[in-house]
Amino acid sequence: MKLSFITAALEEYAPLAIQEKWDNSGLQVGLPEEAEGECTGALLCVDVTPEIIAEAVRLGCNLVISHHPLLFKGVKNVVGRTPSERTLAAAIRSGVAVYSSHTALDSTRGGISYEMAARLGATPLRVLAPVTEAMVLMTVTCPRNMAADVRLILLDSDAPGCDYYDVERESIDTASDPLERLISHTPLCKVEARVKASSAGRITSALRSMPGGDGLKVLTSPVDNDDLSVGLGLVASFDVPVKGSVLLDLVKERFKCPVVKSSLGFDADADIRRIALCGGAGGEFIGVASAAAAQVYITADVRYHDFADSASSPMAVFDIGHFESESCAKDLFYRVIKNKFPNFAVYYSEMETNPVKYL
């Protein structure tokens, strides 16, 4: 299995374009050229460590897929002074590729927060903190007899519709190759559609792969977008209200957290119907969750002052732990890969440990 096939499947599910600006999702370490990008198996984890790399080698896997990126900032040297340097050196030395999907997996439809809700049996209502997914207007100038095929490619990309109109004259460089000279003397038209910026490269490649596609003129320009279906966190509801005490026990069981830090607003006897969830550090969205009428907000890494500010709020804030809230990333990776490549070997790490110890 080619590494590019695996990464393409992951990025189709969680496009890199929707990650936070400060993030570094994507391929962290590639495969040696002599391996021609062939993957022998994938090991799934939340954090990449030297122990994870060693486990991958023992299992015969030359790919590790993690939620947290191995590399967040530029690396000036690799001398083994930090865990990330030692892990990077081990991966390169062992010929193990590393791919990470962090906030891209957090923000995508069906991502981390959706999986958290599913574990609790809650039904998704809407994204908690939507981010506007970048959109572009893609304009394809082509011979009129190619317009139907161009429109099909654009529509297959989930574009809502295509505009089509003839072009009286289009400036094309006729000095480069015979195909362009042929197009320059052929009746032309333009096909336009609004598409996701994250899909523009894939669509352009599909257009170029058409017979005669090398001669197409493809232009993209940014356009406004009001898509609210992508972003961090989720508002969800229970079909049948559950008692606060029951929800607390369910959270501990499903997320394997021995303790839950809670704000003073928690009521064990309350009937809970609406909740909000955000994997990882979601303290910044406490106010948003309250405004969404959530009765309980489940997240991690909540600061003391956030708890203090929430003391008089009727909404309970649950801090279930960072690792606990995002360990479901491995289930998402597994399903994405197995749905696409059923016979490819995928393993959950057994060496991984939560870096936080509860005493």
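Residues numbered from 1 in each chain as written. Predicted model: local features only at pLDDT ≥ 70, side-chain atom pairs only at ≥ 80, totals over all residues. Heavy atoms only, no water.

1. Considerations on the overall build of the chain
Okay, so step 1: What the chain contains, in helices and strands, is 13 helices and 15 strands.
Okay, so step 2: In the chain, which comprises 359 residues, the proportion classed as buried is 49%.
Okay, so step 3: Looking at the chain as shown, the accessible area adds up to about 17,900 Å², and 53% of this sits on carbon and sulfur atoms. (Helix = DSSP H or I, 4+ residues; strand = E, 2+ residues; numbered from the N terminus. Buried < 20%, exposed > 50% of the residue type's maximum accessible area, 1.4 Å probe, protein only. Areas by Shrake-Rupley, 256 points an atom, 1.4 Å probe, with all protein chains shown as cover.)

2. Considerations on the environment of Asn 339
Okay, so step 1: Looking at where Asn 339 falls in the secondary structure, it is placed in helix H13 (residues 329-340).
Okay, so step 2: Counting along the chain gives 70 residues from Asn 339 to Asp 269, while the straight-line C-alpha distance between them is 41 Å.

3. Description of the nonpolar core
Okay, so step 1: Leu 120, Val 251, Ile 275 and Ile 298 are the most contacted members of the largest nonpolar core, which totals 50 residues.
Okay, so step 2: Ranked by the residues each element gives to this core, the list is headed by H13, at five residues.
Okay, so step 3: Sequence-distant contacts of Val 251, defined by excluding residues within four places in its chain, comprise Leu 120, Lys 256, Cys 257, Val 260, Ile 298, Phe 318 and Ile 320.
Okay, so step 4: The next biggest cluster of nonpolar side chains, apart from the first, holds 20 residues, and it includes Val 140, Cys 142, Ile 153 and Val 218. (Core = buried A, V, L, I, M, F, W, Y, C linked by side-chain atoms within 4.5 Å. Contact = heavy atoms within 4.5 Å.)

4. Observations regarding the pattern of salt bridges
Okay, so step 1: This structure, assessed with the given rule, holds eight salt bridges.
Okay, so step 2: With its nearest N and O atoms 3.1 Å apart, the salt bridge here joins Lys 340 to Glu 12. A residue pair is termed long-range when its members are at least 10 positions apart, and Lys 340 in helix H13 and Glu 12 in helix H1 (residues 3-13) qualify at 328 residues.
Okay, so step 3: Note on Lys 340: relative accessible area 46%, which makes it partly exposed.
Okay, so step 4: One salt bridge connects Asp 306 with Arg 303, and the closest N-O pair in it is separated by 3.2 Å. (Salt bridge = Lys/Arg side-chain N within 4 Å of Asp/Glu carboxyl O.)

5. A look at the sheet that holds strand S10 (residues 231-243)
Okay, so step 1: Taken in spatial order, the six strands line up as S5-S10-S12-S13-S14-S11 in an open sheet, and their pairing is mixed. Every interior strand has two partners, whereas the edge strands, strand S5 (123-130) and strand S11 (261-262), have only one.
Okay, so step 2: The pairing of S5 with S10 spans six bridges and is antiparallel. The residue bridging Pro 124 from the neighbouring strand is Ala 236, located in S10.
Okay, so step 3: Taken strand by strand, helix H9 (residues 244-254) contacts S10, strand S12 (271-281), strand S13 (296-300) and strand S14 (316-319), and its axis lies near 130 degrees from that of S10. (Pairing = 2+ DSSP bridges. Axes fitted to C-alpha atoms, helices over the stretch in contact; angles between N-to-C directions.)

6. Topic: the sheet that holds strand S2 (residues 42-45)
Okay, so step 1: Strand order in the open sheet formed by five strands is S1-S4-S3-S2-S15, with mixed pairing between adjacent strands. Strands with a single pairing partner mark the edges of an open sheet, and in this sheet they are strand S1 (26-29) and strand S15 (346-348). Strand-to-strand twist of the sheet, defined as the mean angle between neighbouring strand axes without regard to direction, takes the value 25 degrees.
Okay, so step 2: Where S2 lies against S15, three bridges are found, and the strand directions are parallel. Bridging from a neighbouring strand, Leu 44 pairs with Tyr 348 of S15.
Okay, so step 3: Of the strands in this sheet, S2, strand S3 (63-66) and S15 are in contact with H13, which crosses S15 at around 170 degrees.

Keep in mind that these numbers describe shape and distance, not what the molecule does.
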